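# Observations on the model geometry
The primary structure of each chain is shown beneath.
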Amino acid sequence: MEDGQIIQLYWDRDQRAIPETEGKYGKLLRSISWNLLHSREDAEECVSDTYLRAWEAIPPARPGAFRNWLGRITRNLSLDRWKSLRAEKRGGGAEALLGELEDCLPAPAGRSVEDVELAELLNGFLRGLTREARAMFLRRYWYGESVAEIAGALDCGEGKVKSSLFRSRRALREYLEKEGIAV
């Protein structure tokens, strides 16, 4: 079923919307949540909460990029869950991803950056990357995939992925500093 048809089911308050969403995007949403939480139970709960949030938001919302919209909801719910659990050891999940980006993210002190402005800056930065570097960056820091998973999906070595991510993080830091954002 096409995204527009699924959204219309939500709009019409037709309960088939949730099974249709699960059938089309459930695997992706569980993957996003799993990559951050490394807990099947927590991932399942975040995905279920995603469907509830979608049900509550449509209407009045009519998301244009339904897949990305659902992914963002799942990712945010998973990060919230991770923050509340916080018992995870360093070296995996969201803590490792955030640790990798620590030197690239705006500092709390200095120029204040609104979320919308930061999103625009990140989009501008990503547009400047090569297609492959952008794919690696998004797979790692948006979808939470491991270096090995990225290498397998893009048919390249893990070393190439690691060095590309390192260069992209360094370039992001330089880009944000050039834009006047304290990192």
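Conventions and cut-offs
Residues numbered from 1 in each chain as written. Predicted model: local features only at pLDDT ≥ 70, side-chain atom pairs only at ≥ 80, totals over all residues. Heavy atoms only, no water. Helix = DSSP H or I, 4+ residues; strand = E, 2+ residues; numbered from the N terminus. Expected span 1.5 Å × (residues − 1). Bend = angle between axes of the 7 residues up to and from the residue. Buried < 20%, exposed > 50% of the residue type's maximum accessible area, 1.4 Å probe, protein only. Salt bridge = Lys/Arg side-chain N within 4 Å of Asp/Glu carboxyl O. Contact = heavy atoms within 4.5 Å. Axes fitted to C-alpha atoms, helices over the stretch in contact; angles between N-to-C directions. Left-handed = near helix turned anticlockwise from the far one by under 90°. Nonpolar A, V, L, I, M, F, W, Y, C, P; charged D, E, K, R; others polar. pLDDT = per-residue confidence, 0-100.

### Here's the deal with helix 2 (residues 17-37)
Between the first and last C-alpha of helix 2 there are merely 26 Å, a value that for 21 residues lags more than 12% behind the 30 Å anticipated at 1.5 Å per step. Tyrosine 25 marks where helix 2 bends most, by close to 70°. Taken as a whole, helix 2 has its buried residues at Ala17, Thr21, Tyr25, Gly26, Leu29, Ile32, Ser33, Asn35, Leu36 and Leu37.

### Points about the pattern of salt bridges
When the charged atoms of two side chains lie near each other, side chains of opposite charge can form a pair. Tallied over the full model, the rule gives nine salt bridges. Of the charged contacts in the structure, one is a salt bridge between arginine 16 and aspartate 14, with a shortest N-O distance of 2.8 Å. We classify arginine 16 as partly exposed; its relative accessible area is 48%. One salt-bridge network, in which partners are shared between bridges, spans Glu22, Arg30 and Glu44.

### Considering the environment of leucine 165
Along the chain, the position of leucine 165 falls in helix 9 (residues 158-178). For leucine 165, a relative accessible area of 3% translates into the label buried. For the pair leucine 165 and alanine 133, spaced 32 residues apart in the sequence, the C-alpha separation amounts to 7.4 Å. Setting aside chain neighbours within four positions, we find leucine 165 in contact with Met136, Phe137, Arg140, Tyr141 and Val147.

### Considering the environment of serine 31
Mapped onto the fold, serine 31 is located in helix 2. Sequence spacing of serine 31 and glycine 144 is 113 residues, and the spatial spacing of their C-alpha atoms is 8.5 Å.

### Regarding the packing of helix 2 against helix 4 (residues 66-85)
Each pair of packed helices can be summarised by the angle the axes make with each other and by the distance between the axes. Relative orientation of the contacting elements helix 2 and helix 4 amounts to 35°, with a least axis distance of 9 Å. Once helix 2 is placed against helix 4, the crossing between them reads as right-handed. Taken together, the residues of helix 4 that come into contact with helix 2 (itself represented by Thr21, Tyr25, Leu28, Leu29, Ile32, Ser33, Leu36 and Leu37) are Phe66, Arg67, Leu70, Gly71, Thr74, Arg75, Ser78, Leu79, Arg81 and Trp82. Of the residues in the contact of helix 2 with helix 4, the class split is ten nonpolar, five polar and three charged.

### Notes on the confidence of the model for the chain
Per-residue confidence for the chain gives a mean pLDDT of 86, with 83% of residues at or over 70. pLDDT under 50 marks residues 87-91. Its contacts with residues more than four places away, or in other chains, come to nine contacts.

### Re the side chain of serine 168
Mapped onto the secondary structure, serine 168 falls in helix 9. Dropping the residues within four chain positions of it, serine 168 is found in contact with Phe125, Leu129, Ala133 and Phe137.

### Details of the environment of glycine 157
With respect to the helices and strands, the residue glycine 157 is situated in the loop between helix 8 (147-154) and helix 9. Considered as a pair, glycine 157 and valine 147 are ten residues apart in the sequence and their alpha carbons are 9.2 Å apart.

### Some words on unusual backbone geometry
Backbone phi values are negative for most residues with the exception of glycine, while trans is the configuration of most peptide bonds. Backbone torsion omega between isoleucine 58 and proline 59 reads -15°, so that peptide bond is classified as cis. Within the secondary structure layout, proline 59 lies in the loop between helix 3 (40-57) and helix 4. Geometrically, the link from proline 59 to proline 60 is a cis peptide bond, its omega value of 10° lying close to zero. Relative to the assigned elements, proline 60 resides in the loop between helix 3 and helix 4. Even without being glycine, histidine 38 reaches a positive phi, approximately 55°. Note on placement: histidine 38 falls in the loop between helix 2 and helix 3.

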